[in-house]
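Fold and contact review
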Amino acid sequence: MTAINSAAELTTQGDVAILSLNSPPVNALSAGVRDGIHDGIKAAIADPAVKAIVLICEGRTFIAGADITEFGGAAKGASLFDAQAMIENSPKPVIAAIHGTALGGGLEVALACHYRIAVPSAKCGLPEVNLGLLPGAGGTQRLPRIVGPEKALEMVTSGQHVPAEQCHRVGLVDEMAKEGNLKADAIAFAEKLVAEGRPLKKVRDQNDKVEAARGKPEIFADFRKANARKFRGFKAPEYNIQCIEAAVNLPFDEGMAVERKLFVELLTGEQSAAQRYAFFAERTANKIPDVPDDTPIRKIEKVGIIGAGTMGGGIAMNFLNAGIPVTIVEVQQEALDRGLKVVRGNYERSAKNGRFTMETVEKRMGMITGALSQDALADCDLVIEAVFERMDVKKEIFTNLDRICKPGAILATNTSALNIDEIGDVTSRPQDVIGLHFFSPANVMRLLEIVRTDKTANDVIATSMKLAKTIGKVAVLVGVAPGFVGNRMLAQRGRESQKMVLEGAMPWDIDRVLYDFGFPMGPFAMSDLAGLDLGWVKSESKGATIRDQLCELDRRGQKTGAGYYDYDENRNAKPSPVTEKIINDFVAKSGANPRTISDDEILERTLYAMVNEGAKILEEKKAIRASDIDVVWVNGYGWPIYRGGPMHWADSVGLPKILARIKEFEATMGEQWKPSPLLEKLVAEGKGFKDLK
Ligand code: 3H9
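The structure displayed is predicted, hence computed values, not measured ones.

Observations concerning the site of the ligand
- What surrounds the ligand is a group of 25 residues, the closest being Arg60, Glu108, Glu128, Arg283 and Lys287.
- Here an oxygen atom of the ligand sits 2.7 Å away from a polar atom, N or O, in the side chain of Glu108.
- In the model, an oxygen atom of the ligand is placed 3.1 Å from a nitrogen or oxygen of the Gly136 main chain.
- Compared with its free state, where it exposes 1000 Å², the ligand has 77% of that area covered by protein.
- Contributing elements (two or more residues each) for the shell around the ligand: strand 6 (101-103), helix 3 (105-112) and helix 12 (270-284).
- Of the residues forming the shell around the ligand, the biggest block, three residues, is contributed by helix 12.
- Here the shell around the ligand is built from residues that sort into 13 nonpolar, five polar and seven charged.

What follows is the structure, encoded as structure tokens:
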């Protein structure tokens, strides 16, 4: 065995050299790994006894990409291109042996190898687009040469991790290894290549698939058109498409030059900086300073849910999808049947769309049990209450759960606003009580706000964080406060939006500005979607607000075909003259002088109000860090990821500018705009939210 450096070692077995990379956690292509590949391959080439070289990784995965933490730093060691050239120009076949994930630069290294072998559980992908980038080490030029431009377009613009068997079918993987037997199978494959005198296959020289697509610009035009909505606002998907176009239309080296130019442009742009920030923010949110990594985890093998409404049913699906049995409790048989029917309907729709088989539907439905009494929850490890938002009802439920549930069970509430300290205090075990705030639709939305009370035990927090990962959620730990983090900031945005309507803006003006900023929809379109009558009581309505008047006219949102907007049969929204008249009459009656509100002011009032509230949340220590707030907004409220999140965005706008504007608003609008002392402090110190420790 020869140690090449601290990240790579070379061994030989017979006439096959094995270059092993070992750079935890994911063998990212740091300078040491690049050097290890370059020098290791060089040494193997120089060894006359070696006839073939296997490149393999230790630990949980093959190379998962470039080392993102190195981006923007000074260049060190061999470049990735040097390492790839050493592989590709090797006179002896180099075989990539893949387990875990071969992603980004990792797959690009594998594509520079002459052959690829993988175990069935492995996955390959070029996920750079999710970091606002494109594959910058030949991925956009080599991939279409193997899988064809159509499949390549799909892969580079979605960033999907493609299972090895599928890669094998499209030629990206040449040979399948037995699970758990990668090294031996890779060596055997290398020996076979040598014995059969198989050629040194260089992907860069395979031109038939790209040539076949030449002169067919419709491939790209159609793809752009079909995905326009999905790619709206993002730079990277379009740049990825242009690279695949270059692969089709230009010789390899010229295509590489296009790739390089566009890669550098993305790498130095604001969108990629924001998306890379979001990648690390999501992972940092898992780290809880006062809950050590080795905190014991409670076993969660059976989950109880109280309430089979939209929320309860959606929450249940998360656990069923992860193979965890659920008991769901309702008060009336009818409501229970209805809830279970909705869950089944959701699954059947997915099966119809080809996402899984009917067998899977039955398997999942077989894991959910309905019950009419909370006594059925006695043996659950976790119970989540998901009934309507009334403190008295929740307290009664938690008093019951305290009596019924086994010791050590975690008792959770899905409340989005109520004081969980108060709920926990009705039990004899407040240390076991926590908030698990799912977002609607709960089976789809990625965010989970985990709400700790003053008394929640560390192992309950650690278990909840881990469970979130198991069910595919992005978890953020927050403290108890009205609306926690997300809804508390949303309320500020809503308040300013409503105020601006009374000052002269129309709902669609405000929605348009926020849509153009990158949100999927603005606050009024969102209200129409959720239903304007949420919390509205007909018998008590006296036309006191615009919403009351809309609801009184049965304009209760999309479901009635009209709300703030008018909707056609395909749910396309149109500004409504009825709403406009209601607003104009309302404003006239109030004696206000309507004025034209600029797009800039709309953006500032809606978003600066959120930033100011975010700063207050940090001051009150209701969120651990500014980036946690950003994770909440990107994953739960449609904040465009290419703008990082409200706190990251605020730093990019400049806190002095934001504070100055907030002070102007305070002078004209009063107390609601009082700047957060933390914001003032950061500005005084010339710092940003990113500088907070
Ligand atoms: C690229 O390759 C550009 C090239 O085309 C061109 C170059 C010229 N770098 O996610 P996890 C860390 S762009 C640095 O919790 P999992 C991560 O922060 C790259 N660090 O684990 C975390 O650290 P910590 C293209 C990285 O098992 C730890 O590893 N590649 C990188 O749930 C564990 O991560 C990608 O975009 C990295 N590349 O998932 C792949 N990757 O423990 C990005 C991870 O301190 N990575 N870390 O919090 C992933 O998608 C997932 O991490 C992966 C593992 C699926 C690999």
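Alright, that's what it looks like, and here's the rest.
Let's talk about the packing of aromatic side chains
- Here the structure, examined in full by the defined rule, presents 18 aromatic pairs.
- Ring geometry for Phe439 and Tyr637: centres 5.4 Å apart, planes at 75°, overall edge-to-face. One end of the pair, Phe439, is in the loop between strand 16 (433-438) and strand 17 (447-452); the other, Tyr637, is in the loop between helix 25 (626-636) and helix 26 (646-653), with 198 residues separating them in the sequence. Taken individually, Phe439 and Tyr637 each receive the classification buried, so the pair is uniform in this respect.

Let's talk about the pattern of salt bridges
- Throughout the structure, instances matching the rule amount to 47 salt bridges.
- Here Glu613 ties to Arg488 by a salt bridge, and the two come within 2.8 Å at their closest N and O atoms. Remark: Arg488 occurs in helix 19 (residues 486-503) and Glu613 occurs in helix 24 (residues 599-619); sequence separation between them is 125 residues. Across the pair, exposure class does not vary: Glu613 and Arg488 are buried alike.

Some points on unusual backbone geometry
- The omega angle of the peptide bond from Pro24 to Pro25 is 0°, so this bond is cis rather than trans.
- With respect to the helices, strands and loops of the structure, Pro25 is situated in the loop between strand 3 (16-21) and helix 1 (31-46).
- Positive phi is not limited to glycine here, since Asn27 has a value of about 55°.
- Look at Asn27 and you get buried, because its relative accessible area is 2%.

Focus on the pairing of strand 4 (residues 52-57)
- Most of strand 4 sits inside the fold, with six of its six residues counted as buried.
- Side chains Ala52, Val54 and Ile56 project from strand 4 onto one buried face, and the interleaved Ile53, Leu55 and Cys57 project onto a second face that is buried too.
- Remark: the strand 3/helix 1/strand 4 crossover connection has right-handed handedness.
- Note: strand 4 against strand 5 (residues 94-98), three bridges, orientation parallel. Of the residues in strand 5, the one forming a bridge with Val54 is Ile95.
- Taking the sense of rotation as the criterion, the β-α-β connection linking strand 4, helix 2 (residues 80-88) and strand 5 turns out right-handed.

Comments concerning the environment of Leu262
- By the element assignment, Leu262 lies in helix 11 (residues 252-267).
- According to the relative accessible area criterion, Leu262 is buried, its value standing at 6%.
- Those residues in contact with Leu262 that sit more than four places away from it in its chain are Leu134, Tyr239, Gln242 and Cys243.

Details of the sheet that holds strand 8 (residues 123-125)
- The strand order across the open sheet built from three strands is 6-8-9, with neighbouring strands paired in mixed fashion. The strands lining the two open edges of the sheet, one partner per strand, are strand 6 and strand 9 (162-163).
- With two bridges connecting them, strand 8 and strand 9 associate as antiparallel partners. Note that in strand 9 the partner of Cys124 across the bridge is Val162.
- Packing against the sheet, helix 3 makes contact with strand 6 and strand 8, and its axis sits at approximately 90° to strand 6.

Things to note about helix 18 (residues 458-470)
- Helix length check: helix 18 (13 residues) gives 18 Å between terminal C-alpha atoms against 18 Å at 1.5 Å per residue, within 8%.
- In this structure, the buried side of helix 18 is in contact with helix 13 (310-321), strand 14 (382-385), strand 15 (410-413), strand 16, strand 17 and strand 18 (474-479).
- Gly472 sits one or two positions beyond helix 18 and adopts a positive phi of about 75°.

Description of the packing of helix 5 (residues 149-158) against helix 10 (residues 236-249)
- Between helix 5 and helix 10, whose axes approach to 9 Å, the crossing angle comes to 155°. Classed by the angle they form, the pair helix 5 and helix 10 counts as roughly antiparallel. Of the two possible hands of crossing, helix 5 and helix 10 adopt the one that is right-handed. Contacts between helix 5 and helix 10 involve Pro149, Ala152, Leu153, Val156 and Thr157 from the first element and Pro237, Asn240, Ile241, Ile244 and Val248 from the second.
- Its residues placed into classes, the contact of helix 5 with helix 10 shows eight nonpolar, two polar and no charged.

Brief notes about the environment of Thr61
- Mapped onto the elements, Thr61 comes out in the loop between strand 4 and helix 2.
- Of the residues examined, Thr61 reaches a relative accessible area of 4% and is grouped as buried.
- Between the C-alpha atoms of Thr61 and Asp82, which are 21 residues apart in sequence, the distance is 23 Å.
- Excluding its chain neighbours within four sequence positions, the residues that come into contact with Thr61 are Pro25, Val26, Asn27, His99, Gly100 and Thr101.
- One polar contact links the side chain of Thr61 to the main-chain amide nitrogen of Thr101, over a distance of 2.8 Å.

Points about the nonpolar core
- Within the largest apolar cluster, 86 residues are counted, with the highest numbers of intra-cluster contacts made by Leu401, Ile629, Trp633, Trp639 and Phe689.
- Once you skip the residues sitting within four places of it in the chain, Trp633 turns out to touch Val485, Gly486, Met489, Leu490, Arg493, Phe519, Met610, Gly638, Trp639 and Pro646.
- Membership of the second largest hydrophobic core comes to 75 residues, among which are Cys57, Ala83, Val94 and Leu143.

Some thoughts on the side chain of Asp381
- Looking at the element boundaries, Asp381 is found in the loop between strand 13 (368-371) and strand 14.
- Residues within four places of Asp381 in sequence aside, it is in contact with Lys299, Ile300, Glu301, Lys302, Lys406, Gly408, Ala409 and Ile410.

Description of the environment of Arg169
- Summarising the element assignment, Arg169 is placed in helix 6 (residues 164-169).
- In this structure, the C-alpha to C-alpha distance between Arg169 and Val147, residues 22 residues apart in sequence, is 9.6 Å.

Quick notes on the rules
- Sequence positions are assigned chain by chain, starting from 1 and proceeding in written order.
- Only residues with pLDDT of at least 70 get local features here, since the model is predicted, and only at 80 or more are side-chain atom pairs given and counted; chain-wide, interface and lining totals rely on the full set of residues.
- In computing side-chain values, all of the structure's heavy atoms are included and hydrogens and water are not.
- Any residue with at least one heavy atom within 4 Å of a molecule or strand is counted as near it.
- Distance and chemistry together define a polar contact, namely a pair of N or O atoms within 3.5 Å, with one atom able to donate a hydrogen and the other to accept it when in protein, and with adjacent residues in sequence counting only for side-chain atoms on both sides.
- Note on areas: Shrake-Rupley, 1.4 Å probe, and residue coverage restricted to the protein chains presented here.
- Secondary structure elements are defined from DSSP: runs of H or I of at least 4 residues count as helices, runs of E of at least 2 residues count as strands, and each element is numbered from the N terminus.
- Here the nonpolar group is Ala, Val, Leu, Ile, Met, Phe, Trp, Tyr, Cys and Pro; Asp, Glu, Lys and Arg are the charged ones; every other residue, Gly included, is treated as polar.
- When the centres of two rings from Phe, Tyr and Trp lie within 6.5 Å, Trp using its six-membered ring, the rings pair. Their planes under 30 degrees apart give stacked, over 60 give edge-to-face, and anything left gives tilted.
- Think of it in three bands: residues with accessible area under 20% of the maximum for their type are buried, residues over 50% are exposed, and the middle band is partly exposed, with areas taken using a 1.4 Å probe on protein chains only.
- By salt bridge we mean one thing: a side-chain nitrogen of Lys or Arg within 4 Å of a carboxyl oxygen of Asp or Glu.
- Crossover handedness is defined by viewing with both strands directed away from the observer: a clockwise path from the first strand over the helix to the second marks the crossover as right-handed.
- Strands were regarded as paired on the criterion that DSSP finds at least two bridges between them.
- In this analysis, two residues are considered to be in contact whenever any of their non-hydrogen atoms come within 4.5 Å of each other.
- Note on definitions: angles span 0 to 180 degrees between N-to-C directions of axes, and those axes are lines fitted to C-alpha atoms, for helices only across the stretch in contact.
- Each residue after the first adds 1.5 Å to the expected span of a helix.
- Roughly parallel means an angle under 35 degrees; roughly antiparallel, over 145; roughly perpendicular, 65 to 115; everything else is oblique.
- By the definition used in this description, the sense in which the near helix is turned from the far one sets the handedness, with an anticlockwise turn below a right angle giving left-handed and a clockwise turn giving right-handed.
- For our purposes a nonpolar core is just a set of buried Ala, Val, Leu, Ile, Met, Phe, Trp, Tyr and Cys residues, chained together by side-chain atoms within 4.5 Å.

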